[in-house]
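The residues making up each chain are set out below.
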Amino acid sequence: MKKALQLDHSSIRLLARALTRPAFTALAKGVPPQDVFAFVPDDLKYYRRRPIRTATLLQNIFSILTESYRSEYVYKNFITSKIVFGRHSPATASVQIELPVGKSFVDVAIFNGSSTAYEIKTEYDGPRRLETQTRDYLAAFDSVYLVTSISLVERYLEICDPLVGILAITERDTLKIIRRSSSRQTHLDNRTIFRMLRREEYVRALERVIGKRIIMPNGLISSYCEDLFASLEKGNAQQIFRQAMRQRTTAPAFVNFIRSLPQCLRALAYATPLSAPQREQLTLSLSAPAAPP
């Protein structure tokens, strides 16, 4: 690890490729780890001249990034681990990564008894689009937080919508509440929420509301359901939204899978849809050597 920490900044930034959806998907499809991580220096792939396990390699890379290059992925995984696995449980709290909302994509969204959006601004980001992003999130989520470095708190306190809470990741890897989010439950927009749902989710929920099947041509069903959803009492609409989102990632099979992964891969697992065979293959790939013997 000492050698790894002596890598220059550009080499460390290159390591961030190891914790991306293309690399994660390649492992799940059976591409040999030595091919997936060919760009990683050999010094990181061997210990006492023997190749380390792929899972160990990824955890080591994540540690390097946490210390020397806190990329957006480091933040995403930190939020997921601290809040879902720390405060709640993956069996009851659902995570969505890069969830479309309005004209934006929320970095991390967590659903349990409420809905919370987390917008990440690292040391390598700027505030561009922050106003439009937070406006979209405030129309759909009970709570909205901006998550940034402790060194950037003062900057975002000045420019961030006062309805948005601010969390800081400290140098000791803790989440510090700088400002709490204002509750948005009575101000949420049903149409914005509706457009975040999948067809099978809103049709199933609305059929329960009206007590009958919704049968009509495909070209008409979306607009009909949107108007119906827009007419719901806001609390009912939010309950449908939270329940649908929670069901996406709290099935027992998925929960068992994500609990089996190294901590550094949690956000990637939520962000990358995999079939059951691909999950099995990923597990095998993580146990395989990261380099040739």
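Right above here is the structure, for reference.
This one's a predicted model, so the numbers in the text were calculated from it and none came from an experiment.

Undergrad: So what's going on with the overall build of the protein chain? Residues and values would help.
TA: Scanning the protein chain from N- to C-terminus turns up 16 helices and eight strands. In summary, the protein chain has a C-alpha radius of gyration of 21 Å against a globular reference of 19 Å for 293 residues, a match within 12%. Principal-axis analysis of the C-alpha atoms gives the protein chain an extent of 65 × 45 × 30 Å. Looking at the 293 residues of the protein chain, the share that counts as buried comes to 52%. Total accessible area on the protein chain stands at roughly 14600 Å², and carbon and sulfur atoms take up 49% of it. Looking at the protein chain, you have 41 positive and 27 negative side-chain charges, and the mean spots of the two groups are 5 Å apart.

Undergrad: Tell me about the pairing of strand 7 (residues 165-169), residues and numbers included.
TA: For strand 7, a buried count of five out of five residues is recorded, marking the element as mostly surrounded by other parts of the structure. The alternating pattern of strand 7 places Gly 165, Leu 167 and Ile 169 on one face and Ile 166 and Ala 168 on the opposite face, and all of these are buried. With helix 9 (residues 153-159) bridging strand 6 (residues 143-149) and the parallel strand 7, this β-α-β connection has right-handed handedness. Taking the residues that link successive antiparallel strands as the turn, the strand 7-strand 8 (residues 175-179) hairpin has five residues, and the phi of Asp 173 there is positive, at about 60°.

Undergrad: Tell me what's going on with the packing of aromatic side chains, and back it up with residues and numbers.
TA: In this structure the tally under the stated criterion is 11 aromatic pairs. Each ring, one from Tyr 69 and one from Tyr 124, has its centre 4.7 Å from the other, and the planes form 45°; the classification is tilted. One end of the pair, Tyr 69, is in the loop between helix 6 (54-68) and helix 7 (72-87); the other, Tyr 124, is in the loop between strand 5 (115-121) and helix 8 (130-138), with 55 residues separating them in the sequence. Residue classification places Tyr 69 among the buried residues on the basis of a relative accessible area of 10%. The exposure class of Tyr 124 is partly exposed, given its relative accessible area of 42%. Taking 6.1 Å as the distance between ring centres and 70° as the angle between the ring planes, the aromatic pair formed by Phe 141 and Phe 241 counts as edge-to-face.

Undergrad: Can you break down the layout of surface pockets residue by residue, with the values?
TA: Size it by volume and the largest pocket reaches roughly 630 Å³. If you go around the largest pocket, you meet 28 residues; those closest to its centre are Arg 21, Ile 97, Tyr 270, Ala 271 and Thr 272. Residue composition of the lining of the largest pocket, by class: 15 nonpolar, five polar and eight charged.

Undergrad: Give me the lowdown on the pattern of salt bridges, citing residues and values where you can.
TA: For the structure shown, the criterion picks out 12 salt bridges. A salt bridge links Glu 131 to Arg 135; the nearest nitrogen and oxygen atoms lie 3.4 Å apart. Here Glu 131 and its partner Arg 135 are both found in helix 8, four residues apart, which amounts to about one turn of the helix. Residue class for Glu 131 comes out exposed when judged on its relative accessible area of 59%.

Undergrad: Which residues make up helix 12 (residues 218-230), and what values do they have?
TA: It helps to recall that an α-helix has 3.6 residues per turn; residues three or four apart then point in one direction. With 13 residues, helix 12 should reach 18 Å at 1.5 Å per residue; the first-to-last C-alpha distance of 19 Å fits that figure. Among the residues of helix 12, those classed as buried are Ile 221, Cys 225, Glu 226, Leu 228 and Phe 229. End-on view of helix 12: buried residues confined to an arc of 165°, all on one side of the axis. Where helix 12 is buried, its residues contact helix 10 (190-194), helix 11 (199-210) and helix 13 (234-249).

Undergrad: Just give me the short version of unusual backbone geometry, but keep the residues and values in it.
TA: In this structure, Arg 129 takes a positive phi of about 75° despite not being glycine. Mapped onto the fold, Arg 129 is located in the loop between strand 5 and helix 8. For Arg 129, a relative accessible area of 35% translates into the label partly exposed. Even without being a glycine, Asp 173 presents a positive backbone phi close to 60°. Mapped onto the secondary structure, Asp 173 falls in the loop between strand 7 and strand 8.

Undergrad: Which residues make up helix 3 (residues 21-28), and what values do they have?
TA: Counting buried positions along helix 3 gives six out of eight residues, so the element sits mostly inside the fold. Within helix 3 the residues assigned to the buried category are Ala 23, Phe 24, Thr 25, Ala 26, Leu 27 and Ala 28. In this structure, the buried residues of helix 3 make contact with helix 4 (33-36), helix 6, helix 15 (266-271) and helix 16 (276-287). Among the residues trailing helix 3, Gly 30 stands out with phi positive, at a value near 90°.

What counts and how
- Residues numbered from 1 in each chain as written.
- Predicted model: local features only at pLDDT ≥ 70, side-chain atom pairs only at ≥ 80, totals over all residues.
- Heavy atoms only, no water.
- Helix = DSSP H or I, 4+ residues; strand = E, 2+ residues; numbered from the N terminus.
- Rg over C-alpha atoms; globule rule 2.2 N^0.38 Å.
- Buried < 20%, exposed > 50% of the residue type's maximum accessible area, 1.4 Å probe, protein only.
- Areas by Shrake-Rupley, 256 points an atom, 1.4 Å probe, with all protein chains shown as cover.
- Lys, Arg positive; Asp, Glu negative; His and termini not counted.
- Charge placed at Lys NZ, Arg CZ, Asp CG, Glu CD.
- Right-handed = clockwise from strand over helix to strand, strands pointing away.
- Pairing = 2+ DSSP bridges.
- Phe/Tyr/Trp six-rings, centres within 6.5 Å; stacked < 30°, edge-to-face > 60°.
- 1 Å grid on protein atoms, 1.4 Å probe; cavity = no way out; pocket = protein on both sides within 12 Å on 5 of 7 lines; lining within 4 Å.
- Points joined across faces, edges and corners; volume = space filled by probe spheres on them.
- Nonpolar A, V, L, I, M, F, W, Y, C, P; charged D, E, K, R; others polar.
- Salt bridge = Lys/Arg side-chain N within 4 Å of Asp/Glu carboxyl O.
- Expected span 1.5 Å × (residues − 1).
- Arc of directions from axis to C-beta.
- Contact = heavy atoms within 4.5 Å.

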